[in-house]
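Topology and contacts: notes
Chain by chain, the residues:
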Amino acid sequence: MSRVPGWLGRVGAGFTRMGERLEERRRAEAERDVQEENSEAPAPEHVPPPPPYAPAVAPSRPDPAAAVPWGMRVAAEAGWRLLVLAGTLWVLTRIISAVQLVVLAFVAALLITALLQPTVARLQRYGVPRGLATALTAILGFVIMGLIGWFVTWQVMENIDNLSDEIQDGIDDLRRWLLNSPFHVTEDQINDIAQNLREAISANTDEITSAGLAGVTVIVEALTGILLTMFSTLFLLYDGKRIWQWTLKLVPAAARPGVAGAGPRAWRTLTAYVRGTVLVALIDAVFIGLGIFFLDVPMAVPLAVFIFLFAFIPLVGAVVSGALAVVVALVTQGVFTAVMTLVVVLAVQQIEGHILQPFILGRAVRVHPLAVVLAVAAGGLVAGIGGAVVAVPLVAVTNTVVGYLRAHSREASLRHSPAPHGATATDAAPGAGPAPKAGPAQGPVSTSAPPSGEAPPSDKP
């Protein structure tokens, strides 16, 4: 019995050694599995370096849009839009040049309608039917314009003989002055100049004849334009509202509210410009005409009418009409009368430019002088005198329309923007102070937006 514990101890020690060997074997197998897994991944191949003569190649190409500098991209975006706009304006200019007579006649009808339409409205308020009011106003207006033209022609024909004699006397006085002047002009030199002028006229007889034929063509075109203007004026006076409503149907529905609001404002601007220009031109003609009448300048009344008509051409018309009066005074009455005529013209035009125009026209049709000069030059290049006449009212109307559409777009964007909530709504409200605290006797503070059918509050009256 004493040998049994020793045997059991030896058996237990054997099992212990066997467990240790099994544990070592499992550990070795686990390490071998890890090494086999690592050996299964492909080893990176060794890439030889490129030869020194090979060009460097970027690993990947960048996006072309990202490679272009930001400033150049902005310039390109603006450039092609400007090209499209310039092409549109060029095509529009070519179309206007092709139908220049029709366009000028219609624009002249618009200007005359803007001048006569208040009279039609006044007669209607007195109970006169619209058709009769339109007929009376149009007939009266065209009769007055026809009488003005007839009076100018009659005065010129009545005084042309006396004027030619006075011009000849003035030329003789100028010739004597040149002979006695310190410029040492001789009689032979003056005769040579006169001979050269006669030869030039005789050599260019064909050109003068063709110019006369062109003058006949111009007269025919002028008569056609006058008839178109008369018919257009009649229809605009009688049916202008329905013509405008039909025009609105051609505008896309999304832009129709803005155009419908800009139209009446543009018409008010045009009416104010035409009536103000007529009043200013009348004042210029009356005061300059009185001045040259008291200076004994011949044909004072026709010259005053010319001053009235040329006043419709901004800047250029005043210079041309004033220069015409000074030249007539110079060749008929001498240097002193010409200088006094120049003083009268400049004084009246300065008063008109700095006092009358700002007071009469006001801010409704205020256009920068640079815009006036550029508009008159562009209108003269495109359509001659007619283009110069309509250039400034066109710029004034465009300025009014663009300003209104900008304000309308801003209000529309504010109206359709999402309403703020909570304390932000109170802070965003114009002129709103801090939100009042809700007490026991008052309900909670409402910060909800106005109903969808109401327009947001506006600062405009």
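Structure's up top.
An account of the accompanying structure is given in this report. Remember, predicted model here, so these are calculated numbers, not experimental data.

On to the side chain of Thr113. With respect to the secondary-structure elements, Thr113 resides in helix α4 (residues 100-125). Engagement of the side chain of Thr113 in a polar contact is seen with the backbone oxygen of Ala109, the distance being 2.6 Å. Among residues more than four places away in sequence, those in contact with Thr113 are Thr233, Leu236, Leu237 and Trp267.

Computed from the structure, the largest pocket encloses a volume of approximately 2,200 Å³. Counting only elements with at least two residues in the lining of the largest pocket, the list comes to α4, α5 (130-180), α7 (205-249), α8 (256-294), α9 (300-310), α10 (316-333) and α12 (369-416). Of the residues assigned to the lining of the largest pocket, the class counts are 37 nonpolar, ten polar and three charged. Approximately 1,900 Å³ is the volume found for the second largest pocket. Together, 48 residues line the second largest pocket, and Phe106, Leu110, Leu270, Leu394 and Val397 are the ones closest to its centre. For the lining of the second largest pocket, the element with the most residues is α12, which contributes 17 residues. Looking at the lining of the second largest pocket residue by residue, the classes come out as 34 nonpolar, twelve polar and two charged.

Turning next to α10. Compared with the 26 Å implied by 1.5 Å per residue over 18 residues, the 25 Å span of α10 between its first and last C-alpha is a close match. Within the sequence span of α10, burial applies to Gly317, Ser321, Gly322, Ala325, Val326, Val328, Ala329 and Thr332. Looking straight down α10, one finds its buried side chains confined to an arc of 160°; they lie on one side. Looking one or two residues beyond α10, the residue adopting positive phi is Gly334, at roughly 105°.

The next thing to look at is unusual backbone geometry. The backbone phi angle of Asp296 is positive, close to 60°, even though this residue is not glycine. Tracing the backbone shows Asp296 in the loop between α8 and α9.

Tallying each qualifying case throughout the model produces two salt bridges. Linking Glu77 and Arg81 is a salt bridge whose minimum nitrogen-to-oxygen distance equals 2.8 Å. Of the two residues, Glu77 and Arg81 are both situated in helix α3 (residues 70-98); the distance of four residues between them amounts to about one turn of the helix. Note on Glu77: relative accessible area 42%, which makes it partly exposed.

Among the nonpolar cores identified, the biggest contains 19 residues, and Leu111, Leu270, Val274, Phe308, Val372, Val376 and Val392 are the most heavily contacted of them. Residue assignment for this core shows that the elements contributing at least two residues are α4, α8 and α12. The residues contacting Phe308, other than those within four sequence positions of it, are Val278, Ala281, Leu282 and Ala285. Counting residues in each nonpolar core, the second largest holds twelve residues, with Ile288, Val297, Val328 and Ala329 among its members.

Here Thr400 lies in helix α12. Spatially, the C-alpha atoms of Thr400 and Arg268 are 9.7 Å apart, while their sequence positions differ by 132 residues.

Procedures and definitions
- Residues numbered from 1 in each chain as written.
- Predicted model: local features only at pLDDT ≥ 70, side-chain atom pairs only at ≥ 80, totals over all residues.
- Heavy atoms only, no water.
- Helix = DSSP H or I, 4+ residues; strand = E, 2+ residues; numbered from the N terminus.
- Polar contact = N/O pair within 3.5 Å; in protein donor to acceptor, adjacent residues only side chain to side chain.
- Contact = heavy atoms within 4.5 Å.
- 1 Å grid on protein atoms, 1.4 Å probe; cavity = no way out; pocket = protein on both sides within 12 Å on 5 of 7 lines; lining within 4 Å.
- Points joined across faces, edges and corners; volume = space filled by probe spheres on them.
- Nonpolar A, V, L, I, M, F, W, Y, C, P; charged D, E, K, R; others polar.
- Expected span 1.5 Å × (residues − 1).
- Buried < 20%, exposed > 50% of the residue type's maximum accessible area, 1.4 Å probe, protein only.
- Arc of directions from axis to C-beta.
- Salt bridge = Lys/Arg side-chain N within 4 Å of Asp/Glu carboxyl O.
- Core = buried A, V, L, I, M, F, W, Y, C linked by side-chain atoms within 4.5 Å.

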